[in-house]
Amino acid sequence: MRLPDIDADELTDEQQPLHDSLSGRPEVQAMGLVGPFGVWMHAPDVGAAMAQLGAKVRFATSLPANVTEVAICTTGAHFRSPFEFAAHRTLALRAGVDAASLDRLAAGEHPGFEGDEAAAHAVATELLADHAISPANYADAQQRFGDRGMVELVTTVGYYSLISLTLNGFEVPLAPGMSDPFAG
C-alpha cells in the first residue's frame, strides 16, 4: 500500500471519530481498517463523508441486495480492482448471486445474469463503458426499480467507481483470506 498503516493507539483527535464510527461496521469488525477504510484515516474529513454515503448505498436503499452486489461487482470488475471485487463477490454470493456468473464477470466474459441482476449489470456496464444508459436499458431498469431505485443504482455505480479507484490508486492489498479474482 502506498500509505502507511495507522496505529489505532496513535490516532489524532481528527481521526478518532472516524475510527469510532467505522469500528461498528461488520466488515471492519471482521477485518479491521483494511480496504478504503485504512485510506480514509489519512483524510478523516473526506473519509467521514465517504463512510456516510457508503452506509446509505450499501444498507439503506430500496434495491434488493443481489441487485446492489451485481452493480458493485460489475464496477469492481470494470476497474479491475482486486480488493473491491473479492470483498463484494463474497457478499454477492450471500445475496444469492450465481458464483459461475461472478467468475465469468471477473474473467471479462458476459456473466449471464438474468432478470433484475441482468438489468443492474446492463445499467452499470453502460454507465462505465459509454458514460450513459441506452433508452432500452433505462426503460427496463426503471420499470423494475422505479425512479428511486434508478437514482440508488446509478449512485451505487458512482460510489463504487470512486472506491475502486481509491483502492487501485493507493495499491491497497487484498486482506488475508482474499484471492485475486483477476490473477492468471
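To start, this report covers the structure provided alongside it. Residue positions are given per chain, counted from 1 along the sequence in the order it is written. Given that the model is predicted, a residue must reach a pLDDT of at least 70 before its local features are reported, and side-chain atom pairs must reach 80 or more before they are shown or counted; all residues, however, enter totals for whole chains, interfaces and linings. As a convention, hydrogens and water are excluded, and side-chain values are obtained from all of the structure's heavy atoms.

## Regarding unusual backbone geometry
Right, on to step 1. Even without glycine at this site, His 131 takes up a positive phi of about 65 degrees.
Right, on to step 2. Helical segments are the DSSP runs of H or I of at least four residues, strand segments are the runs of E of at least two, and each set is numbered from the N terminus. Within the secondary structure layout, His 131 lies in the loop between α8 (115-130) and α9 (135-169).
Right, on to step 3. Accessibility expressed as a relative area gives 67% for His 131, which makes it exposed. Burial classes follow relative accessibility: with a 1.4 Å probe on protein chains only, a residue under 20% of its type's maximum area counts as buried, one over 50% as exposed, and anything between as partly exposed.

## Here we look at the nonpolar core
Right, on to step 1. Ranked by internal contacts, the top residues of the largest apolar core, which has 25 residues, are Phe 85, Leu 102, Phe 145 and Leu 153.
Right, on to step 2. For this core, the secondary-structure elements that each account for two or more residues are α5 (65-78), α6 (82-94), α7 (99-106), α8 and α9.
Right, on to step 3. Ranked by residues supplied to this core, first place goes to α8 with six residues.
Right, on to step 4. Ignoring sequence-local partners within four residues, the contact set of Leu 153 consists of Leu 63, Ala 71, Ala 120, Val 123 and Phe 145.
Right, on to step 5. Grouping buried Ala, Val, Leu, Ile, Met, Phe, Trp, Tyr and Cys residues that are joined through side-chain atoms within 4.5 Å yields what is termed a nonpolar core. Judged by nonpolar contacts, the second largest core, of 22 residues, contains Leu 11, Leu 18, Ala 87 and Tyr 160. In what follows, residue pairs with any heavy atoms lying within 4.5 Å of each other are defined as contacts.

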